[in-house]
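Here are the chains, one letter per residue:
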Amino acid sequence: MAYHLSAAKLQTYQTCPKSYYFKYERGLPGGGFGKSQALGTSLHKALAQIYQDWDYLQPMPSFEWLEYCWQNHSQDLDPSQFREGLTILKNYYDRFMTELPSLRRPLAVEGKIQAPWFLDNIEFTLSGRYDRLDWLGDDLELIDYKSTKEIKSLDSKRIDLQLGLYAIALQHIYNCRLKKLSLIYLRTGDKIEFEVTPEHDRRVRQTIAKMAKQLRGEREWKPHQTKACDRCQYSRYCPAIHAEPDPLPESAKPERELQLTLDL
Ligand code: SF4
């Protein structure tokens, strides 16, 4: 059976194998679904409709089009969130749309990527989600909207894993190169871009291949203690933090059988 890989899985494994074990191997639930996430979700859905449903035979949309899409996706928000979201979209419009001669149709919005990947005769399934995929001539630009209040310092290793995995999957699906990953911070109007050079692509693919093989044969799941442990939702179960950690809940998935990895 194909082993499933995503950027989120690789990033979790890179941060701490033990937290990967709790989350993906034993299926323990993660954090809650807070108010600010509800606003972020509504913004993502509105932006998807703005690009997906626009009539591209028309000239540039006015802000009324964005307002209309916002109305469609903000019914569950309270009045202050509704106003905040509208202000964020107005800033987005001013920053990213008004200067354009026309709105360019994206290749896809709110998409799911799924692609097989064979490594040493072992099948992996690569999967991920993206907010928008644009053509850049012959290449691709992947766009991720961020709704966090501030720009968090970005971990280049985490970005590399995301870029590398998407590059492999998009190459398979579209037979095109991923040239750029752009993060758009909706609340601040900042856009941070990461270029993918062929050398970078080659190096990241090697890293992912190594991690994929390790993951498939992993049995130790060693804890990796860092400052991030303070925010870890699994710390109560973690032997690195507690001499007598809580037992896992009965709802935890059973441990998987060891995969045959003789060829690795
Ligand atoms: S508490 Fe720290 S070491 Fe333990 S699982 Fe969480 S991140 Fe890993």
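You'll find the chain entered in an unreviewed UniProt entry as PD-(D/E)XK nuclease family protein, with Oxynema aestuarii AP17 given as the organism.

A. Inspection of the packing of aromatic side chains at higher detail. Evaluation of the coordinates by the stated rule reveals 16 aromatic pairs. Ring geometry for tyrosine 20 against tyrosine 24: centres 4.9 Å apart, planes inclined by 45 degrees, an arrangement best described as tilted. Here tyrosine 20 and its partner tyrosine 24 are both found in helix 2 (residues 17–25), four residues apart, which amounts to about one turn of the helix. On the basis of relative accessible area, tyrosine 20 is assigned to the buried category, the value being 0%. On the numbers, 6.2 Å between centres and 80 degrees between planes, the contact of tyrosine 92 with tyrosine 145 is edge-to-face. Taken as a pair, tyrosine 92 in helix 5 (residues 79–97) and tyrosine 145 in strand 4 (residues 139–146) lie far apart in primary sequence, 53 residues in all. Take tyrosine 92: its relative accessible area is 3%, and that puts it in the buried class.

B. The packing of helix 1 (residues 7–15) against helix 7 (residues 198–217), seen in detail. Interaxial distance between helix 1 and helix 7 falls to 11 Å at its minimum, and their mutual angle equals 80 degrees. With respect to helix 7, the element helix 1 is oriented roughly perpendicular. For the pair formed by helix 1 and helix 7, the contact residues are Leu10, Tyr13 and Gln14 on the first element and Ile208, Met211, Gln214 and Leu215 on the second. Partitioned by chemical class, the residues of the contact of helix 1 with helix 7 number five nonpolar, two polar and no charged.

C. Looking closely at the site of the ligand. In the vicinity of the ligand, the contacting residues are Cys16, Lys18, Ser19, Pro223, His224, Cys229, Cys232, Ser235, Cys238 and Ile241. A class-by-class count of the residues in the shell around the ligand yields six nonpolar, three polar and one charged.

D. Quick peek at the pattern of salt bridges. Counting across every chain of the model gives 14 salt bridges. For the salt bridge of glutamate 255 with arginine 26, the shortest nitrogen-to-oxygen distance reads 3.9 Å. A residue pair is termed long-range when its members are at least 10 positions apart, and glutamate 255 in the segment after helix 7 and arginine 26 in the loop between helix 2 and helix 3 (35–52) qualify at 229 residues. Its relative accessible area of 46% is what places glutamate 255 among the partly exposed residues. Judged by its relative accessible area of 14%, arginine 26 falls in the buried class. Each of Glu141, Lys180, Lys191 and Glu193 takes part in a single network of salt bridges with overlapping partners.

E. Spotlight on the side chain of glutamate 25. Note that glutamate 25 resides in helix 2. Setting aside residues up to four positions removed in sequence, glutamate 25 forms contacts with Tyr3, Tyr20, Trp221, Lys253, Pro254 and Arg256.

F. Structural detail: helix 1. Those residues of helix 1 that fall on the buried side of the exposure criterion are Ala7, Lys9, Leu10, Gln11, Thr12 and Tyr13. Buried residues along helix 1 sit against strand 1 (3–6), helix 2, strand 3 (122–136), helix 6 (156–174) and helix 7.

The rules behind each value
Position labels on residues start from 1 in each chain and follow its written sequence. Given that the model is predicted, a residue must reach a pLDDT of at least 70 before its local features are reported, and side-chain atom pairs must reach 80 or more before they are shown or counted; all residues, however, enter totals for whole chains, interfaces and linings. Hydrogen atoms and water are omitted, and side-chain values are computed over all heavy atoms in the structure. Each pair of aromatic rings taken from Phe, Tyr and Trp, with Trp reduced to its six-membered ring, is defined by centres within 6.5 Å and is described as stacked if the planes are under 30 degrees apart, edge-to-face if over 60, and tilted in the remaining cases. Under the scheme used here, helices are H or I runs from DSSP no shorter than 4 residues and strands are E runs no shorter than 2 residues, and both carry numbers assigned from the N terminus. Working definition: with a 1.4 Å probe on protein chains only, accessible area under 20% of the residue-type maximum means buried, over 50% means exposed, and in between means partly exposed. Axis definition: a line fitted to C-alpha atoms, over the contacting stretch in the case of helices. Angles run 0 to 180 degrees between N-to-C directions. Oblique is the label for any angle not under 35 degrees, not over 145, and not in the 65 to 115 range, which are roughly parallel, roughly antiparallel and roughly perpendicular in turn. In this description, contact between two residues means that some pair of their heavy atoms is separated by no more than 4.5 Å. Side-chain classes are defined by residue name, with Ala, Val, Leu, Ile, Met, Phe, Trp, Tyr, Cys and Pro counting as nonpolar, Asp, Glu, Lys and Arg as charged, and the others, Gly among them, as polar. One heavy atom suffices: a residue is near a molecule or strand as soon as one of its heavy atoms comes within 4 Å of it. By salt bridge we mean one thing: a side-chain nitrogen of Lys or Arg within 4 Å of a carboxyl oxygen of Asp or Glu.

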